[in-house]
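The residues making up each chain are set out below.
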Amino acid sequence: MELPEHLSIRDLETGKDTITLSSGAKQRISINREYLDNVISKGGTYYGINTGFGSLCNVRIESDELAKLQENLVCSHACGMGDEVPEDIVRLMLLLKIHGLSQGYSGIRKEIVQRLADLYNHSIHPVVYELGSLGASGDLAPLAHMCLPIFGMGEVRYKGQKRDALSVLKEVGLEPMPLAAKEGLALLNGTQFMSSYATWSLIFGQRLLKWADVIGALSVDAFMAKDEPFNHAIHRVRPHKGQIETARQILALLQGSDIQKLPKAQVQDPYSFRCMPQVHGASKDVLQTVLNVVETEINSVTDNPIVFHDEDAILSGGNFHGQPLALHLDFLAIALAEIANISERRTYLLISGQRDLPAFLAPNAGVNSGFMIAQYTAASIVSQNKQLCMPASVDSIVSSNGQEDHVSMGANAATKLRRVVMNVQRVLAIELLVAAQAIDLRRPNKTSPALEKVWSALRSKIPFMAQDRILHNDMVAAEQFLMQDADTIMH
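Rules of the game
- Residues numbered from 1 in each chain as written.
- Predicted model: local features only at pLDDT ≥ 70, side-chain atom pairs only at ≥ 80, totals over all residues.
- Heavy atoms only, no water.
- Axes fitted to C-alpha atoms, helices over the stretch in contact; angles between N-to-C directions.
- Helix = DSSP H or I, 4+ residues; strand = E, 2+ residues; numbered from the N terminus.
- Parallel < 35°, antiparallel > 145°, perpendicular 65-115°, else oblique.
- Contact = heavy atoms within 4.5 Å.
- Nonpolar A, V, L, I, M, F, W, Y, C, P; charged D, E, K, R; others polar.
- Buried < 20%, exposed > 50% of the residue type's maximum accessible area, 1.4 Å probe, protein only.
- Lys, Arg positive; Asp, Glu negative; His and termini not counted.
- Salt bridge = Lys/Arg side-chain N within 4 Å of Asp/Glu carboxyl O.
- Pairing = 2+ DSSP bridges.
- Core = buried A, V, L, I, M, F, W, Y, C linked by side-chain atoms within 4.5 Å.
- Phe/Tyr/Trp six-rings, centres within 6.5 Å; stacked < 30°, edge-to-face > 60°.
- Lys NZ or Arg CZ within 6 Å of the ring centre and 35° of its normal.
- Disulfide = S-S within 2.5 Å.
- Left-handed = near helix turned anticlockwise from the far one by under 90°.
- Polar contact = N/O pair within 3.5 Å; in protein donor to acceptor, adjacent residues only side chain to side chain.
- Expected span 1.5 Å × (residues − 1).
- Arc of directions from axis to C-beta.

A. Structural context of the packing of helix 16 (residues 410-441) against helix 17 (residues 449-459). Relative to each other, helix 16 and helix 17 sit at 105 degrees, their axes nearing to 11 Å. Taken as axis vectors, helix 16 and helix 17 run roughly perpendicular relative to one another. Taken together, the residues of helix 17 that come into contact with helix 16 (itself represented by L432, A436, Q437, I439 and D440) are V454, W455, L458 and R459. Looking at the contact of helix 16 with helix 17 residue by residue, the classes come out as six nonpolar, one polar and two charged.

B. Summary view of the side chain of R442. The residue R442 is located in the loop between helix 16 and helix 17 in this model. Here R442 is buried and forms no salt bridge, its nearest opposite-charge partner D356 lying at an N-O distance of 5.0 Å. Setting aside its immediate chain neighbours within four residues, R442 contacts D221, A222, F223, M224, I259, R355, D356 and L357.

C. Seen up close, the sheet that holds strand 4 (residues 155-158). Read across the sheet, three strands follow the order 2-4-5 without closing on themselves; strand pairing throughout is antiparallel. The outermost strands of the open sheet, each flanked by one partner alone, are strand 2 (125-126) and strand 5 (161-164).

D. Local environment of the nonpolar core. The biggest cluster of nonpolar side chains holds 141 residues, and the ones touching the most others in it are I150, L187, W211 and F371. When residues of this core are assigned to their parent elements, the largest contribution, 19 residues, is made by helix 16. Core analysis: the next-biggest nonpolar cluster, separate from the first, contains 10 residues, L36, I61, L69 and A181 among them.

E. Representation of the packing of aromatic side chains in the model. A complete count under the given rule lists five aromatic pairs for this structure. Ring geometry for Y105 against F308: centres 5.5 Å apart, planes inclined by 50 degrees, an arrangement best described as tilted. Of the two residues, Y105 is situated in the loop between helix 3 (87-101) and helix 4 (110-121) and F308 in strand 6 (residues 306-308); the sequence distance between them amounts to 203 residues. Here the guanidinium or amino end of R91 rests over the ring plane of Y120, the centre of that ring lying 3.8 Å away. One residue, R418, lies across the ring of W200, its end atom 4.7 Å from the ring centre.

F. How the structure looks around the state of the cysteines. Here the structure, examined in full by the defined rule, presents zero disulfides. Cysteine C75 shares no disulfide, and the gap to the nearest cysteine sulfur, in C79, comes to 10 Å. You can call C75 partly exposed: its relative accessible area is 35%.

G. Layout of the packing of helix 10 (residues 241-253) against helix 13 (residues 276-298). Close contact between helix 10 and helix 13 brings their axes to 7 Å; oriented N to C, the two are set at 125 degrees. As summarised for this structure, helix 10 and helix 13 are arranged oblique, according to the angle between their axes. Helix-helix and strand crossings are classified by hand; for helix 10 and helix 13 the assignment is right-handed. Along its contact with helix 10, which presents K241, G242, Q243, E245, T246, A247 and I250, the element helix 13 presents M276, P277, Q278, H280, G281, K284 and D285.

H. Geometry of the pairing of strand 4. With burial as the criterion, only one face of strand 4 is covered, namely that bearing V156 and Y158; the residues E155 and R157 on the opposite face remain uncovered. In terms of strand pairing, strand 4 meets strand 5 through four bridges, oriented antiparallel. Residue pairing across strands places Y158 opposite Q161, the latter belonging to strand 5. Between the end of strand 4 and the start of strand 5, which pair antiparallel, lie two residues, with K159 showing a positive phi angle near 55 degrees.

I. View of the side chain of N385. Secondary-structure assignment places N385 in helix 15 (residues 372-388). Within polar-contact distance, the side chain of N385 engages the side chain of N423 at 2.9 Å. Those residues in contact with N385 that sit more than four places away from it in its chain are A337, A340, R419, V420, N423 and V424.

J. Representation of the pattern of salt bridges. Summed over the entire model, instances satisfying the criterion amount to 22 salt bridges. A salt bridge links E84 to R157; the nearest nitrogen and oxygen atoms lie 2.8 Å apart. One end of the pair, E84, is in strand 1 (residues 81-84); the other, R157, is in strand 4, and 73 residues separate them in sequence. On the basis of relative accessible area, E84 is assigned to the partly exposed category, the value being 26%. The salt bridge involving R426 is made with E479; its shortest N-O contact spans 3.4 Å. Placement of R426 in helix 16 and of E479 in helix 18 (residues 471-481) is noted, with a sequence separation of 53 residues between them. Judged by its relative accessible area of 13%, E479 falls in the buried class.

K. Here's a closer look at the environment of L94. Along the chain, the position of L94 falls in helix 3. The spatial distance from the C-alpha of L94 to the C-alpha of Q192 is 8.1 Å, given a sequence separation of 98 residues.

L. How the structure looks around helix 10. Along its 13 residues, helix 10 runs 18 Å from first to last C-alpha, staying within 8% of the 18 Å computed at 1.5 Å per residue. The complete set of buried residues in helix 10 reads G242, Q243, T246, A247, I250 and L253. Along the long axis of helix 10, the arc covered by the buried residues comes to 135 degrees, so they all point the same way. Across helix 10 from its buried face, at more than 90 degrees, point the exposed residues K241 and R248. Tucked into the core, helix 10 has its buried residues touching helix 8 (192-222), helix 9 (232-236), helix 13, helix 17 and helix 19 (486-490).

Here you go:
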């Protein structure tokens, strides 16, 4: 894939095996670097180009030490700890860093940008750690680990093995590349760690929001709930986009359901069924807001200083500060956690022994406990999500001798968002198992043709639970089932 001038989240939904720099990108990078080399040759003092970093910004570095300065920068900033960043997110980091540098304002040589593309194209994934970024001077520690292999340092994952970068470079025929002036700083300053987690979470979250509607609709029939709350007239007079879309989607999913034709004794249903358009829809609207912010971010220049060859200026500012991401990633975590919150309530009602369903959906309840403890698990997970939804962005801490005195904590917002997203999938998987069990207990009545396809596909993987068995295995299989696209299963 040739990297487009503008990247969208849709462009990133399917992983690309290889990427190439466009001729326009190569030209922009070269013109910008040529300008920088010319400026350096004339003297003058520029932050991070011929000075120290952070609070050492007033220390002038001699010309013969500029290359060493950059490699020292990367090595000294490779201070990550904790769990390794998953390889699919590392690939996003590489791609987003390449795209950011390709804007042509970072003062970097095109050969260095191409080397990052080489790592991507050979599936050489630098070992990066989750902990270490304050999300303010860019994602310094994670990006340092990502860039060490350029000059043969650090570790990588290659063909399923963790190895030293230098040996892998030699194996694929690549030589280590020394860094030149400004390049270490261009590689380390930037928001690509936060942005890659954000991108992953948006892609994952979009799929789960589809599933939330599908599983919620299945639960409507499983609980003998009414379809009246999804009538368009209700939502026409409160026209939030996500709300209207959700009501329309759930009503369409219930079309042709035999269960909906049965008489209902209740006047109204609990909020977890009746208010799905309002709750799911609000989360969809938040996701779209966050998507717009992230798309702006991944197409921006977020390093420092910025080399404006077109304005004959090298300007030091704060585009690396992750505040736009931090606030919105916290918002997205809250929005997606609500999907799990309302899902767990539907699970609770389905196993509560109401509406002619046996307690815990267990045939021969008493001897069998059914789905009693599956609901415990869902409750535990949603409670953990509530803890994870404490906003990271309200925190800050002083670093670099006071030079970096306000930080975004966007990296912490990003990593805990991923945990929330994974937890949402687990809670939805539990609801799917419970709803399918209840549908079985409603037989011979059927749900809609579309939802019967979902039920059938699930039952091809996980059978009806006629008696107690190890539910963990079913829950893991259901979680894997949700990795598929819901629309593909129904059509």
